[in-house]
Amino acid sequence: MSRTGQSTLRGTDVLVAGSGTTGLATAAFLAEQGVDCLLLGSRGKRPRPPRILGIHPRAMELLRALGVEEAVRRLPSARALAGNTGIIAVESLAGHELGALDAKYVVGPGADLGALSPTTWCLCDEDELEEVLYARAERLGVRMLPEAELVSFDQDGRGDDGITAVVRDPGAGDEHRVRACCLVDAGGTGGEVRGRLGIGFERRTLGHFVTVRFTADLTGELRGRRFVMAYVSNPDVQGALMPLDNRADWVLHLRYDPVTEPAESFTPERCADLVRAATGVRDLRPRIESVTAWAGEAGVAERFREGQVFLAGDAAHVMPPSGGFDAGTGVIDAHNLAWKLVAVLDGWAHPDLLHSYDEERRPVCAATAEQAVLRAGDRARLHAAYPDPEDPELVEDPLVWLSSRYRSAAVMPWDEGTLPGHGLWAAENDGRPGSRAPHLRLRRGGTEISVHDLFGRSMVLLTGPDNRPWQEAARSVAAELGVPVQVFGIGSDLEDLDDRWPELYGVTAQGAVLVRPDGVVAWRCTDAPIFTRTVLRGMTRRVLRLDRTPAERGTT
């Protein structure tokens, strides 16, 4: 579009490019804590196939904290798919069932996770989820330019002082100059921000696919089955059927070779024939709603930050849908970055804290992408009736969701040896620094809550019932440093319903655990030290990078 004019300078705290799941979550997490956001994105116009997202329990915990968990579970797609679980292999939907995915690393949506999390997995339509997040962000005061795009941006000086961006708004017919403290690319620029910053992004193409969305009532052919996906294998078609409503709304995923057959060859007539072959209903007359070509890829950006520009979600990493990790990974990116931006913008953390976003998220995202790749490869065993053992590098689903361990300047170093597990994932979460705080069922007043319901807006100090020294220390540190700190006594302020504290957190009854707003353990003290205030002050300063000397600050 030709430029028709440029407005005067607008200001905002954070400019977010991309109104998909990650961008909307980023803006909502920030706005919930009073940060002014401007969100850009072409909603509803992205060339993508229809998708049912698996929102895993860790991401659902964060959506719960945002206040939208119940709204997500009430979505039409979520209600329709609430009982779906498992992956099967069939000759066709109406034909013989050849097998089912039976692997120890898989924990399906219907599994009982009550000992691990206050919430559970949720399957839902991507567009419906984004509507919920959009409504929440709007209610929180996020300024929306849903059709706008980022034209250009400049970082001032060394990139530590802010961003000046040019935004084109087709609806208004002009361009705006926007001044922001930082820019978050949440997949809304097609990699242009990465390219301009010179950030490498090596990716592997795992295959090319066509997704056919069609409507046809297949209630009879389902025979009461409620699966997540059915791999189809017969002489006429190799693909995968996925129900969107367990009745008439479906997608068929087909692998193809773009060298020998262009995407354009998948005409409505051909797609209807492929649907008939996949369903096993020869006289079926499906209505072909859409046909979308896409590539299954895996890759992670070589860094997630450059100056005051941050990458999150699809801008930072891509992974195949196997395992259902991609949407949840973007939500965790958003939350990890958001609380740190809030802390810096509100003045209770040093800007150097923002370095920990890349330090923490990039290794975990790379490992998660590799797990998605391994799961995609393991699906081939389903067709072969599992003649070979599963890859020993496959990590159990709950560990990938809940047991990642951060190493960064924003958590105290591990000094207690290495837990058994799989690299970044601990086989058992014992509450050590860098790990997600273990779930505790608590009662506050007459209401049952999770310990995760205490996190989100401040640093939290968890203690035992006799916690007067810790309370006094926290009040003193909060007043001196300007850091919001809440203290909760397990056994006094809150009732431990399963009597799992302090054993689950690896402390004595006199110990304490400092938890960040994202629910990650920053530091723990197994017993009460003599100089409680001095120790807590030192640890808080270190975690929030308030201990940086002028010389150290000049080198970042």
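These numbers come from a predicted model, not from an experiment.

Peer 1: Can you walk me through the sheet that holds strand 14 (residues 249–256) in this structure?
Peer 2: Spatial ordering of the open sheet is given by 5-4-12-13-14-11-15-18, a layout of eight strands whose pairing is mixed. Taken across any chain shown, the strands that pair with only one partner, and hence form the sheet edges, are strand 5 (97–100) and strand 18 (317–318). With eight bridges joining them, strand 11 (residues 201–215) and strand 14 adopt antiparallel strand pairing. Paired with H208 across the two strands is Y256, which belongs to strand 14.

Peer 1: So what exactly am I meant to see when it comes to the side chain of E69 here?
Peer 2: You can see E69 is positioned in helix 3 (residues 69–73). Among residues more than four places away in sequence, those in contact with E69 are M60, L63, R64 and T119.

Peer 1: Would you mind going over the sheet that holds strand 22 (residues 447–450) with me for this structure?
Peer 2: Whenever strands of a sheet pair, they do so through backbone hydrogen bonds, lying parallel or antiparallel. Pairing is antiparallel in the open sheet, where three strands are placed in the order 22-21-25. Edge positions in the sheet fall to strand 22 and strand 25 (495–496), since each of these pairs with one other strand and no more. Of the strand pairs in this sheet, strand 21 (residues 441–444) and strand 22 are connected by four bridges, and their pairing is antiparallel. Bridging from a neighbouring strand, R441 pairs with S450 of strand 22.

Peer 1: Got a minute to help me understand the pairing of strand 23 (residues 459–463) in this structure?
Peer 2: Every regular strand shows the same layout, with side chains that alternate between the two sheet faces. Counting buried residues in strand 23 gives five out of five residues, a clear majority hidden from the surface. Of the strand pairs in this sheet, strand 23 and strand 24 (residues 485–489) are connected by five bridges, and their pairing is parallel. Along strand 24, the bridge assignment pairs T463 with G489. The parallel pair strand 23 and strand 24, bridged by helix 13 (residues 468–481), forms a crossover whose chirality is right-handed. Of the strand pairs in this sheet, strand 23 and strand 26 (residues 512–515) are connected by four bridges, and their pairing is antiparallel. Residue T463 lies in a different strand from strand 26, and its bridge partner there is A512.

Peer 1: Which parts of the structure should I look at to understand the pairing of strand 9 (residues 163–169)?
Peer 2: Of all seven residues making up strand 9, six are buried, and the element is well covered by its neighbours. The pairing of strand 8 (residues 149–155) with strand 9 spans six bridges and is antiparallel. Note that in strand 9 the partner of S152 across the bridge is V166. Alignment of strand 9 against strand 10 (residues 174–185), held across seven bridges, turns out to be antiparallel. Within strand 10, the position partnered with I163 by the bridge is A180.

Peer 1: Honestly, the packing of helix 1 (residues 21–32) against helix 5 (residues 126–139) in this entry has me stumped. Any pointers?
Peer 2: The relative placement of two packed helices is expressed as an angle between their axes plus a distance between the axes. Helix 5 packs onto helix 1 with a crossing angle of 25 degrees between their chain directions and a minimal axis gap of 9 Å. When the interaxial angle is binned, helix 1 and helix 5 end up roughly parallel. With respect to the hand of their crossing, helix 1 and helix 5 are arranged in left-handed fashion. On the side of helix 1, the interface is formed by T21, L24, A25, A28 and E32, while helix 5 contributes E126, L129, E130, L133, Y134, R136 and A137. Looking at the contact of helix 1 with helix 5 residue by residue, the classes come out as seven nonpolar, one polar and four charged.

Peer 1: Could you clarify how one ought to interpret helix 5 in this entry?
Peer 2: Structurally, the α-helix is built with 3.6 residues per turn, so residues lying three or four positions apart point the same way. With 14 residues, helix 5 should cover 20 Å at 1.5 Å per step; its first-to-last C-alpha distance of 20 Å lies within 8% of that length. Buried within helix 5 we find E126, L129, E130, V132, L133, Y134, R136 and A137. Residues of helix 5 that are buried in the fold lie against helix 1, strand 3 (52–55), helix 2 (57–66), helix 3, strand 6 (122–125) and strand 7 (143–145). Its side-chain oxygen 2.9 Å from the backbone nitrogen of D127, D125 forms the N-cap of helix 5. G141 sits one or two positions beyond helix 5 and adopts a positive phi of about 95 degrees.

Peer 1: Explain the pattern of salt bridges to me, please; I cannot follow it from the model alone.
Peer 2: It is possible for side chains bearing opposite charge to pair when their charged atoms get close. Per the stated rule, a full pass over the model turns up 35 salt bridges. A salt bridge links D358 to R362, with the shortest nitrogen-to-oxygen separation between them at 2.9 Å. With D358 and R362 both in helix 10 (residues 355–378) and four residues apart, the pair spans about one turn of that helix. The partly exposed category is assigned to R362, whose relative accessible area is 28%. Here the salt bridges share partners, and the residues they tie into one network are R64, E69, R73 and D453.

Peer 1: Where do I start with the packing of aromatic side chains in this structure?
Peer 2: For the structure shown, the criterion picks out seven aromatic pairs. Ring pairs connect the aromatic residues F304, F310 and Y357, which therefore count as one cluster. Positioned over the ring face of F153 is R196, at 4.9 Å from the centre of the ring.

Peer 1: What am I meant to see in the packing of helix 1 against helix 9 (residues 326–345) here?
Peer 2: Remark: helix 1 packs on helix 9, axes separated minimally by 8 Å, with the N-to-C direction vectors making an angle of 30 degrees. Taken together, helix 1 and helix 9 sit at an angle that is classed as roughly parallel. Relative to helix 9, helix 1 is oriented so that their crossing is right-handed. Of the residues in helix 9, those in contact with T21, T22, A25, T26, F29 and L30 of helix 1 are G330, V331, A334, H335, A338, L341 and V342. Partitioned by chemical class, the residues of the contact of helix 1 with helix 9 number eight nonpolar, five polar and no charged.

Peer 1: What exactly am I supposed to notice about helix 2 here?
Peer 2: The element helix 2 is largely enclosed, with a buried count of eight among its ten residues. Among the residues of helix 2, those classed as buried are P57, R58, A59, M60, E61, L62, L63 and L66. At the exit of helix 2 stands G67, carrying a positive phi of roughly 90 degrees.

Peer 1: Which parts of the structure should I look at to understand the confidence of the model for the protein chain?
Peer 2: Low-pLDDT stretches of the model should not have their predicted coordinates read in fine detail. Of the residues in the protein chain, 91% have a pLDDT of 70 or more, and the chain-wide mean is 90. This stretch, residues 1–6, has a pLDDT under 50; its non-local contacts, to residues over four places away or in other chains, come to eleven contacts.

Peer 1: Explain the environment of P321 here, please?
Peer 2: Position of P321 relative to the elements: it lies in the loop between strand 18 and helix 9. The class for P321 is partly exposed, based on a relative accessible area of 45%. With 23 residues separating them along the chain, P321 and A298 place their C-alpha atoms 9.9 Å apart.

Peer 1: So what exactly am I meant to see when it comes to the environment of L113 here?
Peer 2: With respect to the secondary-structure elements, L113 resides in the loop between strand 5 and strand 6. The class for L113 is buried, based on a relative accessible area of 7%. Taking the C-alpha atoms as reference points, L113 and P57, 56 residues apart in sequence, are found 8.7 Å from one another. For L113, the residues in contact, after removing those within four places along its chain, are P57, V107, T119 and W401.

Reading the values: the criteria
Residues numbered from 1 in each chain as written. Predicted model: local features only at pLDDT ≥ 70, side-chain atom pairs only at ≥ 80, totals over all residues. Heavy atoms only, no water. Pairing = 2+ DSSP bridges. Helix = DSSP H or I, 4+ residues; strand = E, 2+ residues; numbered from the N terminus. Contact = heavy atoms within 4.5 Å. Buried < 20%, exposed > 50% of the residue type's maximum accessible area, 1.4 Å probe, protein only. Right-handed = clockwise from strand over helix to strand, strands pointing away. Axes fitted to C-alpha atoms, helices over the stretch in contact; angles between N-to-C directions. Parallel < 35°, antiparallel > 145°, perpendicular 65-115°, else oblique. Left-handed = near helix turned anticlockwise from the far one by under 90°. Nonpolar A, V, L, I, M, F, W, Y, C, P; charged D, E, K, R; others polar. Expected span 1.5 Å × (residues − 1). Polar contact = N/O pair within 3.5 Å; in protein donor to acceptor, adjacent residues only side chain to side chain. Salt bridge = Lys/Arg side-chain N within 4 Å of Asp/Glu carboxyl O. Phe/Tyr/Trp six-rings, centres within 6.5 Å; stacked < 30°, edge-to-face > 60°. Lys NZ or Arg CZ within 6 Å of the ring centre and 35° of its normal. pLDDT = per-residue confidence, 0-100.

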